[in-house]
Amino acid sequence: MNTIFLLCVLLVLSAVGYRMGKASAVGRQNGGTVRLHSLPSYYGYYVALWCGLPALLLVVLWTASSDWIVKSLVVSALPDEIRALPADKLSLVVTDIRNIAAGNIASAAATPAVQAAVDTYLNLAGMARSAMWLVGLAAAMFGLLLARSHVAPSMRARNRVEGIIGAVLIVCSVIAVLTTVGIVLSLVFEAARFFVAIPAADFLFGLTWSPQTAIRADQVGSSGAFGAVPLFTGTLLIATISMLVAVPVGLMSAVYMADYAPARVRSIAKPLLEILAGIPTVVYGFFGALTVAPFVREAGALAGLEVASQSGLAAGLVMGIMIIPFVSSLSDDVINAVPQSMRDASYGLGATRSETIKKVVLPAALPGIAASVILAFSRALGETMIVVMAAGLAANLTANPLNAVTTVTVHIAALLVGDQEFDSPKTLSAFALGLVLFAVTLALNILAMRIVRKYREQYE
Amino acid sequence: MTDMSVPAAPASRHTGPEARLRLEKRYASERRFERYGMAALSFAIAALFLLLWTILSNGATAFFQTHIRLEVHFDPATIDPDGKRDPAAFRQANWAAVARAALQEKFPEVRGRLPLRQLDALLSDGAQIELLRMVSADPGLLGQRREVWLLTSSDVDMIQKGHSARDVPEASRRVNDAQLSWLDRLAAEGRLEKRFNTRFFTAADSRQPELVGVWGGVVGSFLTLGMTLLLAFPMGVAAAIYLEEYAPKNRFTDLIEVNINNLAAVPSIVYGLLGLAVFLQFFGMPRSAPIVGGVVLALMSLPIIIIASRAALRSVPPSIREAALGIGASKMQAIFHHILPLAMPGIMTGTIIALAHALGETAPLLMIGMVAFVVDIPAGPLSPSTVLPVQIFMWADNPERGFVEKTSAAIMTLLVFLLLMNAAAIWLRKKFERRW
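Residues numbered from 1 in each chain as written. Chains lettered and ligands numbered in written order. Predicted model: local features only at pLDDT ≥ 70, side-chain atom pairs only at ≥ 80, totals over all residues. Heavy atoms only, no water.

A. Expanded view of the overall build of chain B. Helix and strand counts for chain B come out as 18 helices and 3 strands. Taken against the 2.2 N^0.38 rule, which gives 22 Å for 436 residues, the C-alpha radius of gyration of chain B at 33 Å runs more than 25% over that of a compact globule. Counting only C-alpha atoms and orienting by the principal axes, one finds that chain B spans roughly 120 × 80 × 40 Å. A buried classification covers 49% of the 436 residues belonging to chain B. Relative to all contacts within chain B whose residues are 6 or more apart in sequence, the contacts with residues 24 or more apart total 78%. In the form shown here, chain B has an accessible surface area of approximately 21,200 Å², with 61% of it arising from carbon and sulfur atoms. (Helix = DSSP H or I, 4+ residues; strand = E, 2+ residues; numbered from the N terminus. Rg over C-alpha atoms; globule rule 2.2 N^0.38 Å. Buried < 20%, exposed > 50% of the residue type's maximum accessible area, 1.4 Å probe, protein only. Contact = heavy atoms within 4.5 Å. Areas by Shrake-Rupley, 256 points an atom, 1.4 Å probe, with all protein chains shown as cover.)

B. Looking closely at the interface of chain B and chain A. If you look at the interface, chain B gives 74 residues, while chain A gives 82 residues. Between chain B and chain A, a total of about 6,700 Å² is buried, with carbon and sulfur atoms accounting for 78% of that surface. When the area that chain B buries against chain A is broken down by residue, the three leading residues are Phe33(B), Leu41(B) and Leu51(B), summing to 10%. For the interface between chain B and chain A, the tally reads 2 salt bridges. For the salt bridge of Arg353(A) with Glu30(B), the shortest nitrogen-to-oxygen distance reads 3.7 Å. Sort the elements by how many residues they give to the side of chain B that touches chain A and helix 1 (residues 16–59) of chain B lands first, with 22 residues. (Buried area = accessible area lost by both parts, 1.4 Å probe. Salt bridge = Lys/Arg side-chain N within 4 Å of Asp/Glu carboxyl O.)

C. Summary view of the packing of aromatic side chains. According to the stated counting rule, one finds 19 aromatic pairs over all chains in the structure shown. Aromatic side chains Tyr256(A) and Tyr260(A) sit 6.2 Å apart centroid to centroid with 10 degrees between the ring planes, which places their arrangement in the stacked category. Of this pair, Tyr256(A) and Tyr260(A) both sit in helix 8 (residues 229–260), 4 residues apart, which is roughly one turn of the helix. By the burial criterion, Tyr256(A) is buried, and Tyr260(A) matches it. Seen in terms of ring centroids, Phe200(B) and Trp395(B) are 6.5 Å apart; in terms of plane orientation they differ by 45 degrees. Their pairing is tilted. (Phe/Tyr/Trp six-rings, centres within 6.5 Å; stacked < 30°, edge-to-face > 60°.)

D. A look at the packing of helix 17 (residues 388–397) of chain B against helix 18 (residues 402–432) of chain B. Residues and elements named next belong to chain B. Axis separation between helix 17 and helix 18 bottoms out at 9 Å; the angle between their running directions is 165 degrees. With respect to their mutual orientation, helix 17 and helix 18 come out roughly antiparallel. The interaxial crossing formed by helix 17 with helix 18 has left-handed handedness. Seen from helix 17, the contacting residues are Leu-388, Pro-389, Ile-392, Trp-395 and Ala-396; seen from helix 18, they are Phe-403, Lys-406, Thr-407, Ala-410, Ile-411, Thr-413, Leu-414 and Phe-417. Its residues assigned to classes, the contact of helix 17 with helix 18 shows 10 nonpolar, 2 polar and 1 charged. (Axes fitted to C-alpha atoms, helices over the stretch in contact; angles between N-to-C directions. Parallel < 35°, antiparallel > 145°, perpendicular 65-115°, else oblique. Left-handed = near helix turned anticlockwise from the far one by under 90°. Nonpolar A, V, L, I, M, F, W, Y, C, P; charged D, E, K, R; others polar.)

E. Broad picture of the sheet that holds strand 2 (residues 145–151) of chain B. Residues and elements named next belong to chain B. Pairing in this open sheet of 3 strands is antiparallel, and the strands run 2-1-3 from one edge to the other. Each edge of the open sheet carries a strand with a single partner, namely strand 2 and strand 3 (192–196). Pairs of neighbouring strands in the sheet enclose a mean axial angle of 45 degrees, with direction left out of account. Inspection of the sheet shows strand 1 (residues 64–73) paired to strand 2 by 7 bridges, in the antiparallel sense. Counterpart to Glu-71 in the pairing with strand 2 is Glu-147. Sheet strands touched by helix 4 (residues 95–106): strand 1 and strand 2. Its angle to strand 1, the strand with the most contacts, is close to 85 degrees. Helix 6 (residues 126–137) rests against strand 1 and strand 2 of the sheet, and its axis sits at about 140 degrees to strand 2. (Pairing = 2+ DSSP bridges.)

F. Spatial organisation of the environment of Leu53(A). Residue and element names in this part refer to chain A. Its location among the elements puts Leu-53 in helix 2 (residues 40–77). Its relative accessible area of 30% is what places Leu-53 among the partly exposed residues. Residues Leu-53 and Ala-139, spaced 86 residues apart in sequence, show a C-alpha to C-alpha distance of 9.3 Å. Filtering out sequence-adjacent residues up to four positions away, Leu-53 remains in contact with Ile-164 and Val-168.

G. View of the domain arrangement of chain B. All names here are of chain B. Looking at the assigned domains, one finds that chain B contains domain 1 (62–197) and domain 2 (215–432). Domain 1 puts 11 residues into the contact, and the matching count from domain 2 is 7 residues. One can count 1 salt bridge joining domain 1 with domain 2. As a salt-bridge pair, Lys-161 and Glu-405 come within 2.8 Å of each other at their nearest N and O atoms. Applying the counting criterion to the domain 1 and domain 2 interface returns 2 residue pairs in polar contact (both at pLDDT 80 or more). (Domains from an automatic or database assignment. Polar contact = N/O pair within 3.5 Å; in protein donor to acceptor, adjacent residues only side chain to side chain.)

H. Representation of helix 9 (residues 263–278) of chain A in the model. For helix 9 of chain A, built from 16 residues, the straight-helix expectation of 22 Å at 1.5 Å per residue is met to within 8% by its first-to-last C-alpha distance of 23 Å. All buried positions along helix 9 of chain A are accounted for by Ala269(A), Leu272(A), Leu273(A) and Leu276(A). The buried residues of helix 9 of chain A all sit within an arc of 105 degrees when viewed along its axis, so they share a single face. Facing away from the buried side of helix 9 of chain A, by more than 90 degrees, are the exposed residues Ala263(A), Arg264(A) and Glu274(A). Against the buried residues of helix 9 of chain A lie helix 8, helix 10 (281–302) and helix 11 (312–337) of chain A together with helix 1 of chain B. (Expected span 1.5 Å × (residues − 1). Arc of directions from axis to C-beta.)

I. Spatial organisation of the state of the cysteines. All names here are of chain A. For the coordinates displayed, the defined rule picks out 0 disulfides over all chains. Free of any disulfide, Cys-8 has its nearest cysteine sulfur in Cys-51, 14 Å distant. By relative accessible area, Cys-8 is classed as partly exposed at 42%. Looking at the unpaired Cys-172, the closest cysteine sulfur is the one in Cys-51, lying at 20 Å. By relative accessible area, Cys-172 is classed as buried at 11%. (Disulfide = S-S within 2.5 Å.)

Here is the structure:
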């Protein structure tokens, strides 16, 4: 709240800066005899940017770092016997200090030392808040006065403003790269910590997955098993089932809508498929758990088959339905990109529509269709909510779709929902799984983009 | 001329019975192919309708909740023994006893600990809160008798709505025979009624299905999406302008391009891992806060917004730019004064669609602790909260029968919001669509 208020004050100051800059530029014309280099408003923007931007950056940096600085100051002020505690105990004490300071319930009654630390904490936090105001306002005022002193009729205000805006544009487009860097770094760092405890080969090729690590060292079964193969096979199984549903249905719908359907049918069916694409995955998960999974189980029972209540088949079916519009809209684009002249040539030779599609259109569109199938597969691998709700947690190593299987994403979610400790292999294994998932989907996406790029020019 | 005999046509592959048979086969295969296409499309549409029907048929009843009309005696001896009429003392009062007394008055023949407890179980805990609220609003009720509609427990509600069967053996029912007979008596006297469930639209989460509401999730979603919009829209548009208008063709901008396309296809749960490791662990931001959820969803929607904005910028014809440059505008003036306003409808359509996508997103928010059980309406971007899809996930996970209908109703709420957003996008597109 405090920060938001400060940001509003900075905004107001910038607006004042704009007026001042504009007015002083016009004022220095000395009654219209000197020509300004730029439009008056650019002098205003110049002052406003100088007033607002540096102050904004300072405030953001301060907000990001002040908590950390206050924490280390509080810790260094703690008595030696508390500071000598192991890292996890110490962080518990720090959490307590914060909770007491915020007026919440702490895990232990406050000892005098902790009470003193709470006072220091409150003191420092208050100082940090005032310092933020001081620094922010000082920077804004300084920038405002400095920029205003620059204002002169001959100053190239427009060029300077455009330079600053150009830099902001570049920074914004670099954020996309930073996101990727952030993803890779966070996955790699945490996964590396996991691989210190569990060898990578055990993780990638082990056949049992039971990520239970004991809290005390003397507990039974404290080691846990982190062989991720059952998760990989489960993921592949469910994704494959979903592709078996989605590819034929999606592709045939796209073909039908492109070449057969009367305009009326198309105008109704297309929005319906778009609705199917817009339904959140959590809704599909609910549908799967409530309707499809019991249906599959009962159908199996009628056929005399034993079907698990959270079978891979049910999850795969629902996921397939989710991916149908994805496949159909991608293949629709590709099919429409095949030039009409090729179809006409085929019709001219006397081919029927289906022959034209099977022998001319689909082969011509094949690279694009392959790319869209790969993208759909990558999406099926990364889908989370459907499998969390419809597939369950049992890590069975099986190729039978009627058994309960689980996926990589289910376990990432299961391991990280709720409170975690960041030093147990159990939590860290989620990041190793995430790294595998990210690497595989990235490879598939790049492959799909390569295929599209390579064959795109053919008919243009 | 006339008597010249026509030479017999050479036997062609394209006539004769064999050819006709072949043609018949080709036409049959043509019809078959068309039918496959029709079947595929029908399957997809049937799946959509089955899904919607599941939600509707399960959730339609959630908007009405069974109530019992009872004559309640607001006994000052129980509610306000000190006689101070102090609102704080009202809170401490034994409201369960007040509700119980009203029930016992109706069924004086019920005796014994167990039957009394079963009688008690007809009413929800929410009935007590309702009574407290009535007296707090109007202390003059003390000492009076009033006919009041009181909320029933979820088990009773499920029986009344037909979601739980009455005709199964008593042991496998959550409402026993005695309770059923009491309900039948109440119904015969017209004291049992389904009344509109306002609580569902004003309350937040609860452990009891009859007391839950979606408002907490709606507010959380609103705060989160607001944060997303605030971050992703300006950054996305700025990045799109740079990449489309300024970026030189070199390896670095190529890298950015490939990057953005890849980011659009990264599984959403990976963004959750990023949020957990970077924002919660490294920067120490609060768990379960809409601000973190908003940042994560902003990073997720950024590539979608950039791609849509670039397409919109590209569709503005070069003549506009050239006209602006020709009369002396700088490049930036041409972009900000002429091209960007013309591209804005397209950019906004793309942004709304990206936000609709973010509104339905669940997985990344699970990672950053938005699965908390939050009974208060979130007050601001830093207070713990949950969002609508996560709320749906949590209710769907709950085994109690009463939550199925509430989950479906929450899904309907979510779908209505999505529909509104998509309708806005379509309206924008239709209204400002321009053919150059």
